[in-house]
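Summary of the model geometry
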Protein chains: 2
Amino acid sequence: MGSTHRRLTLLVLLFGAAVASGVEPVVLPSSVRGPAERLRDSIAGGSKAADWVREITDAAGPRLPGTPGNRAGIAAAVALLKAQGFANVRAEKVMTPAWARGVETGEVVSPAPHALALTALGGSVGTPPEGVEAEILRVGSLEELDAKGEAARGKIVFIDRPMTRTSDGSGYGNAARLRSSGPSRAGRLGAVGLLIRSVGTDNNRLPHTGAMRYEKGAPQVPAAALSIPDAELLTRLGRRGVPVRVRFTLGCHSLPDAESANVIGEVVGRETPEEIVLLGAHIDSWDLGTGALDDAAGCGIAVEAARQMMALSPRPRRTVRVVLFANEENGLAGGKAYATDHAAELERHVAAIEADLGQGPPLGFSWDAGPAAEGTLKAIAGLLAPTGADYLIAGEAGGADLTYLLPSGIPSLGLLLDATTYFDYHHTANDTFDKIDPRILDRSTAVLAAAAWVLADAPDHLERIPPDKRKLPAWVQ
Amino acid sequence: MGSTHRRLTLLVLLFGAAVASGVEPVVLPSSVRGPAERLRDSIAGGSKAADWVREITDAAGPRLPGTPGNRAGIAAAVALLKAQGFANVRAEKVMTPAWARGVETGEVVSPAPHALALTALGGSVGTPPEGVEAEILRVGSLEELDAKGEAARGKIVFIDRPMTRTSDGSGYGNAARLRSSGPSRAGRLGAVGLLIRSVGTDNNRLPHTGAMRYEKGAPQVPAAALSIPDAELLTRLGRRGVPVRVRFTLGCHSLPDAESANVIGEVVGRETPEEIVLLGAHIDSWDLGTGALDDAAGCGIAVEAARQMMALSPRPRRTVRVVLFANEENGLAGGKAYATDHAAELERHVAAIEADLGQGPPLGFSWDAGPAAEGTLKAIAGLLAPTGADYLIAGEAGGADLTYLLPSGIPSLGLLLDATTYFDYHHTANDTFDKIDPRILDRSTAVLAAAAWVLADAPDHLERIPPDKRKLPAWVQ
């Protein structure tokens with residue numbers, strides 16, 4: 001899960017959202033409800049979802065586009081889908097932005113000798129080989145930075161805003177917006193570099209990377225995240241009443257676009273195989289960890305949910321297509337390419353669900369569709385009540401990978417997972433397989449499988465997103 | 001807290017120990033008991049102990065001997081003691097071993113590309129600039145390593161033994177023994193390097209350093225600790241049935257002995273100032289973090305306990321001497337120098353207490369003295385009952401810094417602190433000030449102050465360690 005803007009939207013939804021409507025749940029035929037209940041109960045009792053997470057992360061390591069790990073991850077996913085008997089398994093080529101990290105060092109020059117644990121934000125320019133060194137200017141917000149104006153000239157701007165720990169991840173958006181916009185804002189004011197308190201909720205000396213983009217025309221200053229203990233150190237040193245001077249070196253740089261791929265496998269429907277329910281996650285990861293939570297967990301959930309649906313007899317009415325997208329973290333090229341490459345069949349996509357918020361436990365679904373869809377979604381929520389994951393939030397939803405499906409009006413769902421500890425690990429070296437709890441992952445997989453079964457097997461389609469609500473958000477246009 | 005051997009001894013004590021004896025607690029005069037109770041209650045309600053930890057760690061950073069941080073830490077401690085009104089404040093020169101870390105990289109070469117989070121063990125030789133690369137040989141114990149014998153030749157031995165989380169820290173000894181002895185054992189068998197699962201209880205990608213020593217005549221192979229998630233990765237990769245090849249590079253190297261110092265300050269006694277109760281901790285730290293828990297916490301506890309005793313009127317009968325030792329982590333040169341430099345007054349040291357197990361909460365004291373001391377120690381435990389820290393463990397005790405006081409028979413106590421989470425941070429980059437909980441530190445300080453008051457103000461001395469039990473342990477001879 002990497003998109004700041006999508007998360008911001010979700011934030012609004014979670015706070016704004018979900019006034020109970022008067023729509024009644026539809027009554028699902030027992031032929032639909034029965035298998036969905038069996039999937040729900042059987043998977044929650046034990047599944048192979050964690051095995052797939054282990055397979056992807058151990059076989060590939062970090063999977064940033066353009067790296068051997070990314071290629072290994074794609075190969076591992078293709079091999080996994082083939083071995084598990086999926087149909088039409090393929091890797092569909094996607095050209096993605098590429099960027100490499102390089103050397104990273106940081107230190108407090110004065111008033112006291114401290115090493116700083118920091119890491120470049122994704123997309124940052126590097127520093128000169130000798131680094132940048134300057135006094136820091138600490139601000140708590142972009143507004144405070146703008147108010148300080150000229151005081152930023154020649155300084156290293158230090159944005160110091162804590163992220164709040166919440167179960168719905170709603171603390172992420174506000175903090176991540178600073179990460180995305182801070183570097184350009186600092187550059188325009190004449191700063192020589194930007195440091196930001198990591199967008200995260202832990203207290204480990206492991207900084208959180210994440211995407212940033214330079215605005216057009218803004219001077220490009222090198223930008224890095226400090227681990228949270230290091231940010232707190234700078235804040236404390238600042239209170240000693242003497243200037244705090246910092247030096248940091250980043251060897252990161254952009255590379256020519258790289259070849260990556262969306263990995264696809266299908267469970268072919270028994271009656272209307274041309275109709276598609278898409279289960280999405282992303283195969284790429286940031287480079288610091290192995291992306292076990294972000295988003296090998298989602299890959300494991302989606303693959304295992306579909307595999308368990310495949311094992312049922314009869315199979316669902318429609319085709320279930322697993323899509324493990326390329327390049328969610330630093331470009332969304334995978335989602336964009338999918339929409340282009342599959343333009344002719346998007347009208348036959350009846351629903352798309354994304355799993356990209358870690359491992360769970362599951363809470364429910366966010367959804368975006370026509371209003372008439374609500375009756376079916378309430379029936380799904382009813383089916384999920386025994387799992388505790390019966391929460392529904394209406395409005396724009398899904399995940400960043402599904403963004404480019406919006407113009408086609410495809411009903412989109414996002415698997416809502418408890419994110420209380422997710423941002424302890426998110427985008428850090430600590431996002432590794434040991435953080436996966438197989439029993440929790442099983443519960444999330446059970447919820448996705450049961451919901452997907454209903455969407456793939458119910459007689460009716462969800463109403464599509466109304467034409468007047470299909471406009472791509474400003475941040476991807 | 002760095003000494004493997006001392007910890008091993010403590011382990012034995014904690015498991016073996018403390019059969020209730022029939023000795024009755026002595027009755028303390030109310031003139032002794034009253035101030036001790038006041039110290040206990042007042043400090044537990046709030047003290048400046050955490051301020052002193054912050055001052056030392058922020059002003060100095062990491063404090064490995066031979067570094068600017070070590071010198072800054074000594075300067076900060078001297079300034080602090082002077083500013084707080086201690087008497088006879090001085091830094092007593094100590095020459096210590098010196099060693100520097102340098103570059104550190106690690107990676108899995110096959111079967112999959114992974115970066116490895118690792119760090120050199122203190123005292124290790126470096127690798128050639130291109131590193132060492134070999135297949136790993138995984139063992140769970142030194143016995144298993146010996147049994148594999150020739151299989152280690154040309155390999156990188158990987159010692160993979162988890163440390164158990166316990167409240168008394170007793171899981172440390174067994175695991176740390178492997179760290180200390182593993183490199184020589186692997187070298188004798190023809191291995192080209194040694195990797196060990198970090199001796200710690202966390203799941204962060206932050207490896208735990210710690211001391212090792214090459215045995216005389218053993219080939220010196222480079223030795224590093226893997227973070228626990230990385231050790232688990234190697235173990236999982238090993239289960240895939242293909243050889244696991246690893247490369248690592250260490251730039252560490254020994255340096256000429258460095259000048260450091262024991263920092264001393266006193267609260268001069270009102271009646272017999274020539275009699276000394278020593279409150280010890282250590283001012284040095286490993287180089288990865290700022291040693292907030294190990295052992296700036298102990299420094300903060302000792303300094304604040306003595307400062308609060310100084311503030312009482314009248315002052316205690318005897319002199320309370322705070323000693324912040326040099327070089328606990330990688331040589332014990334501070335403890336040794338203290339015993340030499342103060343040889344003439346060791347007979348007048350009536351007790352020594354060390355605080356070197358993090359921040360707490362407090363549990364009680366380990367102790368080593370003549371059997372007649374037990375009555376007074378039981379009286380102290382009774383005084384501490386309301387704090388929950390009334391646990392007494394008899395036998396060799398104190399802390400590593402006090403080792404060289406043993407031949408003089410000085411009654412030694414170790415402040416026992418709850419170590420349940422201590423080994424999550426111990427000897428890692430994560431040992432930083434943000435981990436300090438001031439309220440917990442206050443409770444530990446209260447316990448030390450109350451106990452020290454009794455020792456410094458009671459009419460009688462503790463019985464000294466019997467002459468037949470004053471032999472230095474083998475590992476320091």
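Residues numbered from 1 in each chain as written. Chains lettered and ligands numbered in written order. Predicted model: local features only at pLDDT ≥ 70, side-chain atom pairs only at ≥ 80, totals over all residues. Heavy atoms only, no water.

**Here's the deal with the overall build of chain A**
From N to C terminus, chain A includes 12 helices and 16 strands. Computed over its C-alpha atoms, the radius of gyration of chain A comes to 22 Å, within 12% of the 23 Å expected for a compact globule of 477 residues. Expressed along its principal axes, the backbone C-alpha trace of chain A runs to roughly 70 × 45 × 40 Å. Every one of the 477 residues in chain A was classed for burial, and the buried ones make up 64%. (Helix = DSSP H or I, 4+ residues; strand = E, 2+ residues; numbered from the N terminus. Rg over C-alpha atoms; globule rule 2.2 N^0.38 Å. Buried < 20%, exposed > 50% of the residue type's maximum accessible area, 1.4 Å probe, protein only.)

**Description of the sheet that holds strand β2 (residues 104-110) of chain A**
Residue and element names in this part refer to chain A. Strand order in the open sheet formed by eight strands is β3-β2-β9-β5-β6-β7-β8-β4, and the pairing between neighbours is mixed. This sheet does not close on itself; its edge strands, each paired only once, are β3 (114-115) and β4 (118-120). The pairing of β4 with strand β8 (residues 223-226) spans three bridges and is antiparallel. Looking at the pairing, Thr119 lines up with Ala225 of β8. The strands touched by helix α6 (residues 171-188) within the sheet are β6 (156-159), β7 (193-197) and β8, with β7 carrying the most contacts at an inclination of about 165 degrees. Where helix α7 (residues 228-238) meets the sheet, its contacts fall on β2, β3, β5 (132-139), β6, β7, β8 and β9 (245-250), and the angle it forms with β8 comes to roughly 95 degrees. (Pairing = 2+ DSSP bridges. Contact = heavy atoms within 4.5 Å. Axes fitted to C-alpha atoms, helices over the stretch in contact; angles between N-to-C directions.)

**Focus: the pattern of salt bridges**
Side-chain pairs of opposite charge can arise where the charged atoms are in close proximity. Here the structure, examined in full by the defined rule, presents 64 salt bridges over all chains. Measuring nitrogen to oxygen at the nearest pair gives 2.8 Å for the salt bridge that ties Asp160 of chain A to Arg138 of chain A. Of the two residues, Asp160 of chain A sits in the loop between β6 and α6 while Arg138 of chain A sits in strand β5, which places them 22 residues apart along the sequence. Given a relative accessible area of 40%, Arg138 of chain A falls into the partly exposed group. Here Asp437 of chain B makes a salt bridge to Arg439 of chain B, at a shortest N to O gap of 3.6 Å. Classification of Arg439 of chain B by relative accessible area gives exposed; the value is 64%. Members of the salt-bridge network, linked through shared partners, are Arg90, Glu92, Glu266, Arg321 and Glu345 of chain A. (Salt bridge = Lys/Arg side-chain N within 4 Å of Asp/Glu carboxyl O.)

**Let's talk about the relation of the copies chain B and chain A**
Each copy of the sequence occupies a distinct position, and chain B is placed on chain A by a rotation of 180 degrees and an axial shift of 0.0 Å, giving an RMSD of 0.0 Å. The symmetry that links the two subunits is that of a two-fold axis. Counting the interface residues of chain B, we find that 100% of their copies in chain A are interface residues as well, pointing to one common contact surface. (Least-squares fit on C-alpha atoms with pLDDT ≥ 70 in both.)

**Some remarks on the interface of chain B and chain A**
Facing the 31 residues of chain B at the interface are 31 residues of chain A. For the pair chain B and chain A, the two sides together bury roughly 2300 Å², of which 47% comes from carbon and sulfur. For chain B, the biggest contributors to the area lost against chain A are Asp58, Arg205 and Arg236 of chain B; these three give 27% of the whole. If you look at where chain B meets chain A, you find four salt bridges. The partner of Arg240 of chain B in a salt bridge is Glu55 of chain A, with the nearest N and O atoms 3.3 Å apart. Looking at the side of chain B that touches chain A, the elements with two or more residues in it are α3 (49-60) and α7 (228-238) of chain B. For the side of chain B that touches chain A, the element with the highest residue contribution is α3 of chain B, accounting for six residues. Taken together, the residues of the side of chain B that touches chain A break down into 12 nonpolar, 10 polar and nine charged. (Buried area = accessible area lost by both parts, 1.4 Å probe. Nonpolar A, V, L, I, M, F, W, Y, C, P; charged D, E, K, R; others polar.)

**Looking at the sheet that holds strand β4 (residues 118-120) of chain B**
All names here are of chain B. With mixed pairing, eight strands are arranged side by side in an open sheet as β3-β2-β9-β5-β6-β7-β8-β4. Because the sheet does not close on itself, it has two edges, and the strands there are β3 (114-115) and β4. The sheet contacts of α7 involve β2 (104-110), β3, β5 (132-139), β6 (156-159), β7 (193-197), β8 (223-226) and β9 (245-250), and relative to β8 the element is tilted by about 95 degrees.

**Some words on the side chain of Arg318 of chain B**
Residue and element names in this part refer to chain B. Mapped onto the elements of the fold, Arg318 is located in strand β12 (residues 318-325). For Arg318, a relative accessible area of 1% puts it in the buried group. Within the structure, Arg318 has its side chain in polar contact with the backbone oxygen of Leu455 (distance 2.7 Å). Residue contacts for Arg318: discarding those within four places in its chain leaves Val267, Gly269, Thr272, Glu275, Val350, Leu455, Ala456, Asp457, Ala458, Pro459, Asp460 and His461. (Polar contact = N/O pair within 3.5 Å; in protein donor to acceptor, adjacent residues only side chain to side chain.)

**Topic: the environment of Glu24 of chain A**
Structurally, Glu24 of chain A can be placed in the loop between α1 (4-16) and α2 (30-44). For Glu24 of chain A and Ile136 of chain A, which are 112 residues apart along the polypeptide, the C-alpha to C-alpha distance reads 57 Å.

**Observations concerning α7 of chain A**
Counted residue by residue, α7 of chain A has nine buried out of 11 residues, so it is predominantly covered. Looking at α7 of chain A, one finds that the buried residues are Ile228, Pro229, Asp230, Ala231, Leu233, Leu234, Thr235, Arg236 and Leu237 of chain A.

**A look at the packing of helix α10 (residues 374-384) of chain A against helix α12 (residues 438-457) of chain A**
Relative placement of two packed helices is described by the angle separating their axes and the distance separating the axes. All names here are of chain A. Interhelical geometry of α10 versus α12 gives an angle of 145 degrees and a closest axis separation of 10 Å. Viewed along their axes, α10 and α12 form a crossing whose handedness is right-handed. Between α10 and α12, the contacting residues are Thr376, Ile380, Leu383 and Leu384 on the first element and Val447, Ala450, Ala451, Val454 and Leu455 on the second. Taken together, the residues of the contact of α10 with α12 sort by class into eight nonpolar, one polar and no charged. (Left-handed = near helix turned anticlockwise from the far one by under 90°.)

**Re the pairing of strand β15 (residues 391-394) of chain A**
Residues and elements named next belong to chain A. Note that strand β14 (residues 362-368) and β15 share four bridges and pair parallel. Across the sheet, the residue bridging to Ser366 is Ile393, located in β15. Note on the crossover from β14 through α10 to β15: the handedness is right-handed. (Right-handed = clockwise from strand over helix to strand, strands pointing away.)

**Here we look at the environment of Ser181 of chain A**
Residue and element names in this part refer to chain A. On the secondary structure map, Ser181 appears in helix α6. As a C-alpha pair, Ser181 and Met212 span 31 residues in sequence and 6.9 Å in three-dimensional space. Those residues in contact with Ser181 that lie beyond four places of it in its chain are Leu142 and Glu215.

**Details of the side chain of Asp202 of chain B**
Residues and elements named next belong to chain B. One can find Asp202 in the loop between β7 and β8. For the buried Asp202, no salt bridge exists, and the shortest N-O distance to an oppositely charged side chain is 7.0 Å, to Arg165. A distance of 2.9 Å separates a polar side-chain atom of Asp202 from the backbone nitrogen of Asn204. Looking at Asp202, its side chain comes within polar contact range of the side chain of His208, at 2.6 Å. Ignoring anything within four residues of it in the chain, the contact list for Asp202 reads His208, Ile228, Phe423 and Asp424. (Lys, Arg positive; Asp, Glu negative; His and termini not counted.)

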